[in-house]
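If you want the building blocks of each chain, they are given just below.
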Amino acid sequence: MVSTRERVDSESRIPLEGLLQVMPGGFNAIPDIVQRRAVLSQMLSATPVPENPNIEISNHIAKGPAGDIAVRVYSPKNVSKPAPGLIYIHGGGMIMGGLDGEDGTCQMMADRLGAVIASVDYRKAPEDPYPAAPEDCYAASSWVFENAAELGMHPENIGIYGHSAGGGLAIAVALMAKDRSGPKFSFMAPIYPMIDDRNVTESSKLVTDVGIWDRAGSLEAWGWYLGGKEADHYAAPARAKDLTGLPPAYIDVGELDMFRDEDIEFAKRLAEANVQVEFHLWPGAYHASEIFAPEATLSATIWNTRLAGVKRLMGS
């Protein structure tokens with residue numbers, strides 16, 4: 001049987017193999033979460049992000065249910081205001097990640113989309129299990145809407161974007177906003193979202209040896225995130241029974257991502273609920289391969305297609 005790793009796009013495999021030589025088993029092979037975060041932070045800081053002269057960066061504080069929430073805003077200087085707005089939620093399996101690691105991506109997206117991006121932080125498990133993360137993201141999103149004019153965002157054209165855990169949180173926040181009559185998102189872009197704690201799909205069983213986000217690490221992260229609680233539809237949006245009324249969506253996922261099948265099913269259910277949805281499945285792509293292999297031709301195709309899809313939603 002051919003391993004999942006052998007099916008990876010040839011260009012995208014090069015940095016992956018380099019990572020696995022230095023860190024056999026990938027990030028999740030480091031058992032201590034504090035050490036795992038430190039290693040990830042060290043790797044990210046080893047390649048400083050050059051500042052984009054077209055992007056103005058400012059730091060803000062939103063009030064959350066348990067204290068202050070950091071919000072970092074990226075505003076393109078050559079775009080008239082108010083501009084389209086995008087709330088950005090970072091990934092990391094609900095257990096890792098932060099604002100600093102997203103600087104390069106947020107600058108690039110703000111520049112290419114001509115949008116003001118508000119990147120929001122949130123509490124992580126295991127120290128702060130569910131519902132800390134979605135409640136923080138909801139509070140920060142509400143703050144962005146309340147301060148849209150000052151941030152240079154058009155209040156009626158603000159979407160929400162997130163990748164991996166951030167994608168799951170983006171859907172959770174959209175569900176909360178619908179149920180609570182909260183912020184009116186004009187669209188959502190959950191990218192290869194982490195949305196199903198049950199891990200029963202074929203892809204969740206198939207991906208065990210890629211080294212970026214495999215089954216064992218995902219099971220561990222879900223356990224820490226839920227903290228022994230039963231998952232509801234805000235913790236695991238795949239459990240949501242009613243998807244009607246959610247904003248138009250853009251979703252993409254790699255063929256070799258363990259979240260593939262749950263994301264395909266969610267996109268299908270959005271369409272069945274009469275929610276506008278654009279979906280892309282990328283052959284040869286593993287979880288976040290466009291981030292880990294930025295020079296690959298496949299990665300450029302993923303980014304170009306994704307940003308064009310988000311632009312269409314902003315325009316609509």
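Quantities reported herein were computed from a predicted structural model and do not represent experimental measurements. (Residues numbered from 1 in each chain as written. Predicted model: local features only at pLDDT ≥ 70, side-chain atom pairs only at ≥ 80, totals over all residues. Heavy atoms only, no water.)

Summed over all chains, the structure comprises one cavity of 30 Å³ or more. Of the volumes computed, that of the largest cavity is approximately 50 Å³. Lining the largest cavity, in full, are Tyr-192, Asp-252, Val-253, Gly-254, Trp-282, Ala-285, Tyr-286, Ala-288, Ser-289, Glu-290, Ile-302 and Arg-306. Within the residue set of the lining of the largest cavity, elements represented by two or more residues are strand E7 (249-256), strand E8 (277-286), helix H10 (289-292) and helix H11 (297-315). (1 Å grid on protein atoms, 1.4 Å probe; cavity = no way out; pocket = protein on both sides within 12 Å on 5 of 7 lines; lining within 4 Å. Points joined across faces, edges and corners; volume = space filled by probe spheres on them. Helix = DSSP H or I, 4+ residues; strand = E, 2+ residues; numbered from the N terminus.)

Turning to unusual backbone geometry, a few remarks are in order. Of the consecutive residues Ala-125 and Pro-126, the connecting peptide bond is found in the cis state with omega at 5 degrees. Assignment of secondary structure puts Pro-126 in the loop between strand E4 (116-120) and helix H4 (132-146). Backbone geometry places Met-94, a non-glycine residue, at a positive phi of 70 degrees. Looking at where Met-94 falls in the secondary structure, it is placed in the loop between strand E3 (83-89) and helix H3 (103-113). For Asn-199, which is not a glycine, the phi torsion comes out positive at approximately 50 degrees. Here Asn-199 is to be found in the loop between strand E6 (187-191) and helix H7 (202-206).

A separate point is the environment of Ile-212. Secondary-structure assignment places Ile-212 in the loop between H7 and helix H8 (215-226). The class of Ile-212 is buried, set by a relative accessible area of 5%. Taking the C-alpha atoms as reference points, Ile-212 and Phe-292, separated by 80 residues in sequence, lie 9.0 Å from one another. When residues no more than four places from it in sequence are discounted, the contact partners of Ile-212 are Leu-16, Leu-19, Asn-28, Tyr-286, His-287 and Phe-292. (Buried < 20%, exposed > 50% of the residue type's maximum accessible area, 1.4 Å probe, protein only. Contact = heavy atoms within 4.5 Å.)

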